[in-house]
Amino acid sequence: QVQLVESGGGSVQAGGSLRVSCAASGRTFSSYRMGWFRQAPGKEREFVADINWSGGSTYYADSVKGRFTISRDNAKNTVYLQMNSLKPEDTAVYYCNARRVVANVEYDYWGHGTQVTVSA
């Protein structure tokens, strides 16, 4: 079982920056692929970015590529999402996700989310 707690959300003007963090419980954090998703009002949850166990491989949604950076610190059981050049359309609840597959069984955990609001 992995528990995820996001923090660092808030309100910022367009063009500004925010960093959200996700702290994970447990001693197996480094075995999980970690990701960030977001959900805007009236829309489905969408993928933002993810990172492999070592941090050596990252993927981004086209909408955030070049503006957002995902990173992780396995010693601190934490994954980060640095968000620069924020736009009003980035406004959403941002959720942290932990995923791994063991013996063909997928383990998938979610945090409760942190609100990011970008004003024009």
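Residues numbered from 1 in each chain as written. Predicted model: local features only at pLDDT ≥ 70, side-chain atom pairs only at ≥ 80, totals over all residues. Heavy atoms only, no water.

Caption draft 1: Seen up close, the pattern of salt bridges. Applying the stated criterion across every chain, the model contains six salt bridges. For R38, the salt bridge identified is with E46, shortest N-O distance 2.6 Å. For R38, a relative accessible area of 6% puts it in the buried group. Given the relative accessible area of 37%, E46 is considered partly exposed. Bridged by salt links that share partners, the residues R38, E46, R67 and D90 form one connected network. (Salt bridge = Lys/Arg side-chain N within 4 Å of Asp/Glu carboxyl O. Buried < 20%, exposed > 50% of the residue type's maximum accessible area, 1.4 Å probe, protein only.)

Caption draft 2: Focus on the environment of Y109. Along the chain, Y109 turns up in strand β10 (residues 105–110). A relative accessible area of 13% means that Y109 is categorised as buried. Residues Y109 and C96 lie 13 residues apart in sequence; the distance between their C-alpha atoms is 8.3 Å. (Helix = DSSP H or I, 4+ residues; strand = E, 2+ residues; numbered from the N terminus.)

Caption draft 3: Molecular detail of the packing of aromatic side chains. The full count for this structure, using the stated rule, is three aromatic pairs. Between the aromatic rings of F37 and F47, the centroid separation amounts to 5.6 Å while the plane-to-plane angle is 80°, which identifies the pairing as edge-to-face. Taken together, the residues F37 in strand β4 (residues 33–39) and F47 in strand β5 (residues 46–51) connect sequence positions 10 residues apart. Here F37 falls in the buried class, since its relative accessible area comes to 14%. (Phe/Tyr/Trp six-rings, centres within 6.5 Å; stacked < 30°, edge-to-face > 60°.)

Caption draft 4: Geometry of the pairing of β4. Counting buried residues in β4 gives five out of seven residues, a clear majority hidden from the surface. Across seven bridges, β4 lies against strand β9 (residues 92–102) in antiparallel orientation. When the sheet's bridge partners are listed, F37 is paired in β9 with Y95. Hairpin remark: β4 followed by β5, antiparallel, with six residues in the connecting loop; positive phi at G42, about 75°. (Pairing = 2+ DSSP bridges.)

Caption draft 5: Just unusual backbone geometry, in detail. Backbone geometry places N77, a non-glycine residue, at a positive phi of 55°. Here N77 is to be found in the loop between β7 (68–73) and β8 (78–83). Taking the relative accessible area as the measure of exposure, N77 reaches 17% and is therefore buried. A positive phi angle, close to 50°, is found at S85, a residue other than glycine. With respect to the helices and strands, the residue S85 is situated in the loop between β8 and β9. Judged by its relative accessible area of 40%, S85 is partly exposed.

These values are about where atoms sit, not about what they do.
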